[in-house]
Structures are given as structure tokens and as C-alpha cells.
Amino acid sequence: MTARLVHGEALTGYDFGPTHPMGQGRVRLAVSLAEALGVLDGLEVVDPDPADDELVRLVHEDAYIEAVRRQEPDPRFGIGTSDNPVTPGMHEAAAQVCTATVQACRSVWSGESRVAVNISGGLHHAMPAATSGFCVYNDIAVGIRWLREQGVRRIAYVDLDAHHGDGVQEIFYDDPGVLTISLHESPATLFPGTGWPTETGSIVAPGSAVNVALPAGTGDAGWRRAFEAVVPEVLRAYQPEILISQHGCDAHRTDPLTDLRLSVDGMAAAYARVRELAEELTDGRWVVVGGGGYSPLHGVARAWTHLLGVVAGRPVPASTPIPEDWREPYGDAAPATMGDGADGSFVPLADGVDPESAVDHAILATRRAVFPELGLDPEPY
């Protein structure tokens, strides 16, 4: 079985204009760097299927879809704000992203590919009847709902964006067949203001939501320590049939919209770890989407090239020089190599809790809030 990338020109149209953080070129930039480094040679690149409004309706209300189609400001649905401005073709572009994520899900669940990625996806804030946080339609939720309708009993969703994956959590908060895990900057300091450890799923789906809210300034060592102290145990307890992961790269230290301080080296190590967990728990059935990321050259292009390399089974060494012909249009603004010079190392929580560490307090808050609901011991090792 192959690794598949769903990609084509139709998936580059989702943007809110040149002055908006979700501007032109993010996806093109990443795919072009991956191509320049030969990463795409390890992927089966397939064109996206035509946009299908019926798929959008799996999650989103008809009145909201019609409002998006009208392309007019509508405060009832959050359309026309500074975060979510009206743009030409917004319905078509967002519906295309949803369709491509379902296509990736279908590829993996049918066995056509072992892993499939829609790097244009990852619009995790959109609600059934509202835009939010640069997201018009929630392609992840559409993909998960499609899988549930195919009879998949247990789906695990891991969100590594700096922002809480609130839309996906909200949509499946009552569904014990969907586990949502989000590592993000604390809602005390970052949009959308949700994702507290105490958000653990509804009374009919206890333990179905897991949130690790990390303090501003967290870097590789703290972030990876938190990941390892929560994510593997939770996934092993849940035993998913398929893993979906969102890889917003706005946790990078150069990102202008967040306060986390990850290196691209640390992010690449995390991507490899997610793949290992998919291989361990779901026989490698893994669907991958992009997400946020607003530092185009140092963050998005390099991070998603690393992600595509991991998906393809061809991880890119951090020391790899970036080709001069790719760097040339950007001059000195472009990074020279695929790494930030960080080793991405961390000390596991198993080696001892630091009572002075804000990261450790965040980890323990999550474990104590949700681990008992999953039949796990909340006290660290």
C-alpha cells in the first residue's frame, strides 16, 4: 500500500487575501519545497475529487451553507468579520477542502493507501452554523462523520495546532466513538479560549475529550514531555481503528500569532512519533491534515515538508540544505537548512515531576481530569 497526497490546484484557493494571515501561498510554498527536495517522489499524488456539497451537509446546517454561498456579511453566522472576511468563491474553496479530506479518509479506510494526507485541510475551528478562526467549513469533522457513517466504531483525533481544536471537540463531544486529543497553548492566553483540562466529554461520552493546555513560551522539551505523558497512554487505552491528526504548525517559534516556541526539529520529531503510534495501534491507518501556520518560510514550508517526508517514509534530515533555486525569490528571508539547530530532546515525566514547572502542572491537570474516565492511573508513574 502507498502513501497518498490529495493535492491539486483546486486546493490552493482557500485564502482570505494577501493581507490576511490565511493568505495566498501557504500550501503552494510547502508543496513546492517538498517537491524541490524530492519528497513527493515517495507519495502517490492524486487530484482532488470535485467538491461535493452533500459531504459538507454531513456537519453543517443548510441555512449556514446558503449564507456562505451568498458571500455577504452575516453576523448570525460569523461571516464578514476581520478573522473570517467575505471572499469570492469561499463556499467552493471550503467545500473542496472538505471533499479532499473525505477522499483521504476513504483512501485509508478502503485500504487503497496506508496513509493519506490533505495538507490543505485542518480547518478545526468551524462550527456547524458558524465560521471561526479562519475556518469556514470543518473538513476534519466532515471526514470523521463520513467515517462514522461507514461503520467505524472508534476514531482517534490528535490535534497538534497551537490553538485548541474546539470545533472538532464540540461536534463530537457527545460521541464516545470519537476521541479528541488537543495539545495547545493555554486558553488563558490564546484564541479560542477553550481547551481546559476539565473539558473531558459529555455525560454520555466521558473521557472522549483530552486537552493539554500548555503555558505560553513552552518549547520543544516541554511540549514533547507533555505529548509523551498524555497521548500514548490515552490512545492505547482507547484502541482506535483509525487515527486522524491535525498538524497546524503555528507552534513554531517564528509564528506571529502564538506564544509557543517549538523548533521545526522538534515538530518533525513529533510527526514521526504520531506515525509510530499509528503503526502500533491502527495497523498504520492514518489520515493527515494541515491546519494553522502563519510564518510561511520558516514555519509552514519547512514543517509541512517534514510532515510529508514522514508520511512518505522519507524523513528529511534537519541538516538538509534548502535548494538555492527555491530560496532565491525570498533572498535572505529564506532559511538555509531544514532545521533550526535544535536537538528536540526532552526528559520524560517518568524521570520525576518538577513542582516548579508550569508545564508539569499542565500535564498533571490533564491526567487528573481525564485519566480516571479512561481507566488510567492519573498519578505519574
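Our structure is the block above this text.
Let us look at the structure shown here. Quick caveat, the model's predicted, so the values are computed rather than measured.

Considerations on unusual backbone geometry
Each neighbour pair has its own omega, and for Phe 191 with Pro 192 the value is 5°, a cis peptide bond. The backbone of Gln 71 sits at a positive phi, close to 55°, despite the residue not being glycine. Within the secondary structure, Gln 71 sits in the loop between α3 (62-70) and α4 (90-110). Look at Asp 283: it is not a glycine, yet its phi comes out positive at around 55°. Positionally, Asp 283 belongs in the loop between α8 (264-281) and β8 (286-289). Overall, the relative accessible area of 56% leaves Asp 283 in the exposed class.

As for the packing of aromatic side chains
The final tally for this structure, using the stated rule, is 6 aromatic pairs. An angle of 85° between the planes, with centres 5.6 Å apart, marks the rings of Phe 134 and Tyr 294 as edge-to-face. Placement of Phe 134 in the loop between β3 (113-118) and α5 (139-149) and of Tyr 294 in the loop between β8 and α9 (296-312) is noted, with a sequence separation of 160 residues between them. You can call Tyr 294 buried: its relative accessible area is 11%. A centroid spacing of 5.9 Å and a plane angle of 25° characterise the contact between Trp 223 and Phe 227, whose relative ring orientation is stacked. Taken together, the positions of Trp 223 and Phe 227, both in helix α7 (residues 220-238) and 4 residues apart, correspond to about one turn of that helix. The class for Trp 223 is buried, based on a relative accessible area of 2%. Using a relative accessible area of 3% as the deciding quantity, one classes Phe 227 as buried.

Let's talk about the nonpolar core
Residues Ile 181, Val 234, Leu 235, Trp 286 and Trp 304 are the most contacted members of the largest nonpolar core, which totals 71 residues. The leading source of residues in this core is α9, at 10 residues. Not counting the four nearest positions on each side in its chain, Leu 235 is found in contact with Ala 156, Val 158, Leu 179, Ile 181, Pro 240, Leu 243, Leu 277 and Leu 281. Residues Ile 79, Leu 123, Tyr 157 and Ile 171 belong to the second largest nonpolar core, which totals 52 residues.

Things to note about the pattern of salt bridges
Opposite charge on two side chains lets them pair, provided their charged atoms get close. In the structure shown here, the tally under the stated rule is 22 salt bridges. Linking Arg 57 and Glu 54 is a salt bridge whose minimum nitrogen-to-oxygen distance equals 2.7 Å. Taking the relative accessible area as the measure of exposure, Arg 57 reaches 31% and is therefore partly exposed. You can call Glu 54 exposed: its relative accessible area is 52%. Where Arg 302 meets Asp 340, a salt bridge forms, and the shortest distance between an N and an O atom there is 2.6 Å. Of this pair, Arg 302 sits in helix α9 while Asp 340 sits in the loop between α10 (324-327) and α11 (358-370), placing them 38 residues apart in sequence. Asp 340 sits in the partly exposed class, given a relative accessible area of 25%.

What counts, and at which threshold
- Per chain, the residues get numbers from 1 upward, laid out in the order the sequence is written.
- This being a predicted model, a pLDDT of at least 70 is required before a residue's local features are given, and a value of 80 or more before pairs of side-chain atoms are given or counted; all residues contribute to the totals for chains, interfaces and linings.
- Water and hydrogen atoms were dropped before computing side-chain values, which therefore reflect all heavy atoms in the structure.
- In DSSP terms, a helix is any run of H or I states spanning at least four residues, a strand is any run of E spanning at least two, and both are numbered starting from the N terminus.
- Each residue is placed in one exposure class: buried if its accessible area under a 1.4 Å probe, protein chains only, is under 20% of its type's maximum, exposed if it is over 50%, and partly exposed if it falls in between.
- Classification of ring pairs rests on two measures: the distance between centres of Phe, Tyr or Trp rings, Trp counted by its six-membered ring, which must be within 6.5 Å, and the angle between planes, read as stacked under 30 degrees, edge-to-face over 60 and tilted in between.
- We call a set of buried Ala, Val, Leu, Ile, Met, Phe, Trp, Tyr and Cys residues a nonpolar core when their side-chain atoms join them within 4.5 Å.
- Any two residues whose heavy atoms approach within 4.5 Å are treated as being in contact.
- Every case where a carboxyl oxygen of Asp or Glu lies within 4 Å of a side-chain nitrogen of Lys or Arg is listed as a salt bridge.

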